[in-house]
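As a plain string of letters, each chain reads:
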Amino acid sequence: MKRDTNMMKCALMGVSLATLAGCVAIDVDETRLAPTVSHFGGMTVGGTELPFSKAVMAGDTIYLSGELGIDPETNTLVPGGTGPETTQIFANLERTLNTFDADLSNIVRCTVFLGDMADYAEMNAAYKAAVPDPRPARATVGVSGLAFDAKLEIDCIAVAS
């Protein structure tokens, strides 16, 4: 009787392991699917063609390149300094996000590169006015210089809904 019980346990364990092994193999195969990647346009500033995409979408994640406060109508920095440049940056980011059927509310992370930390309060006020609640995670870094003499540059990551 004891021998029959042990054989029954071994048989059940074998069936269980075979079943689980099949499940694991299916899960492993499903994780090998590559995300869809799409690129959104290049950029030209002041007659200079820049060697990168304005944004890249990988799966549901949208990586937005660093944006300056450049008015797309004039192709120059907006006048007025840090506040107006911040406002223009978010107008530019929203225009790019719209190509992916997203908007500023889809942003989950931003990095602000500020040319002069003395401009932090001005940037922060314009940022607060431009970015909807709940606001994304953010880092602000002081830098010693930016392209085209901009006061700041902001890059972001968004997630499509």
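To be clear, the structure that these remarks concern was listed above.
Anyway, here's the lowdown on the structure attached to this text. (Residues numbered from 1 in each chain as written. Predicted model: local features only at pLDDT ≥ 70, side-chain atom pairs only at ≥ 80, totals over all residues. Heavy atoms only, no water.)

Here's the deal with helix α3 (residues 120-130)
Let me state the cut-off plainly: Burial classes follow relative accessibility: with a 1.4 Å probe on protein chains only, a residue under 20% of its type's maximum area counts as buried, one over 50% as exposed, and anything between as partly exposed. Numbering goes from the N terminus for both helices and strands, where a helix is a DSSP run of H or I of at least four residues and a strand is a run of E of at least two. Arc definition: it is the arc formed by the directions from the helix axis to the C-beta atoms. Contacts were defined at the residue level, with two residues in contact if any of their heavy atoms lie within 4.5 Å.
For α3, the complete set of buried residues consists of M123, A126 and Y127. Taken end-on, α3 shows its buried residues confined to a sector of 105°, consistent with a single buried face. Away from the buried face of α3 by more than 90 degrees, exposed residues A121, K128 and A129 are located. Summarising the contacts, the buried residues of α3 are in contact with α2 (82-98), β8 (107-114), β9 (137-142) and β10 (152-159).

Comments concerning the pairing of β8
Just so we agree on the cut-off: Strand pairing is assigned whenever DSSP detects at least two bridges linking the two strands.
Sheet topology places β8 next to β10; seven bridges connect them, and they run antiparallel. Paired with C110 across the strands is C156, a residue of β10.

Overview of the side chain of E85
Rule in force here: Positive charge is attributed to Lys and Arg, negative charge to Asp and Glu, and no charge count is given to His or to the chain ends. Salt bridges, as used here, are contacts in which a Lys or Arg side-chain nitrogen is within 4 Å of a carboxyl oxygen on Asp or Glu.
Along the chain, E85 turns up in helix α2. Comment: no salt bridge for buried E85; closest opposite-charge side chain is K151, at 6.2 Å. Among all residues touching E85, those that are not within four sequence positions of it are G69, L77, V78, A150, K151 and L152.

Things to note about α2
Operational definition: A helix is expected to span 1.5 Å multiplied by its residue count minus one.
Taking 1.5 Å of rise per residue, the 17 residues of α2 would be expected to cover 24 Å, and the 24 Å separating its terminal C-alpha atoms lies within 8% of that figure. Listed in full, the buried residues belonging to α2 are T82, G83, E85, T86, Q88, I89, F90, N92, L93, T96 and L97.

Notes on unusual backbone geometry
Cis peptide bonds are those with omega within 30 degrees of zero, and the linkage from D133 to P134 qualifies with -10°. Note that P134 resides in the loop between α3 and β9. Of note, N75 is a non-glycine position whose phi angle comes to about 60°, a positive value. Examined against the element boundaries, N75 turns out to sit in the loop between β6 (70-71) and β7 (76-77). The class of N75 is partly exposed, set by a relative accessible area of 29%. Of note in the backbone geometry, F148 takes a positive phi value of approximately 60° without being a glycine. Mapping F148 onto the fold places it in the loop between β9 and β10.

Brief notes about the nonpolar core
Cut-off, in case you're wondering: We call a set of buried residues a nonpolar core when its members are Ala, Val, Leu, Ile, Met, Phe, Trp, Tyr or Cys and they connect through side-chain atoms within 4.5 Å of each other.
Residues I62, F90, L97, I107 and I154 are the most contacted members of the largest nonpolar core, which totals 23 residues. The set of elements that each furnish at least two residues to this core consists of β4 (55-58), β5 (61-67), α2, β8, α3 and β10. For I154, the residues in contact, after removing those within four places along its chain, are S65, G66, E67, T86, I89, F90, C110, T111 and V112.

Remarks on the sheet that holds β5
Let me state the cut-off plainly: For helices, the fitted line uses only the C-alpha atoms of the stretch in contact; every axis is such a line through C-alpha atoms, and the angle between N-to-C directions lies from 0 to 180 degrees.
Across the sheet, which stays open at both edges, the six strands sit in the order β1-β4-β5-β10-β8-β9 with mixed pairing between neighbours. A single partner strand is all that each edge strand has here, and the edge strands are β1 (37-40) and β9. Sheet twist, expressed as the mean angle between neighbouring strand axes with direction ignored, is 10°. Contacting β1, β4, β5, β8 and β10, α2 crosses the sheet at an angle of about 30° to β10. Contacts from α3 reach β8, β9 and β10 within the one sheet, and its direction differs from that of β9 by about 155°.

Looking at the packing of aromatic side chains
Let me state the cut-off plainly: Stacked, tilted and edge-to-face are the three classes applied to pairs of Phe, Tyr and Trp rings, where Trp contributes its six-membered ring and a pair requires centres within 6.5 Å; stacked means planes under 30 degrees apart, edge-to-face means over 60, and tilted covers the rest. Cation placement over rings: the criterion is NZ of Lys or CZ of Arg within 6 Å of the ring centroid and within 35° of the ring normal.
Scanning all chains against the criterion turns up one aromatic pair. Between F90 and Y127, the ring centres sit 5.3 Å apart and the planes meet at 85°, which makes this aromatic pair edge-to-face. Highlighted residues: F90 in helix α2 and Y127 in helix α3, separated in sequence by 37 residues. A cation sits over an aromatic face here: R138 above Y127, 4.4 Å from the ring centre.

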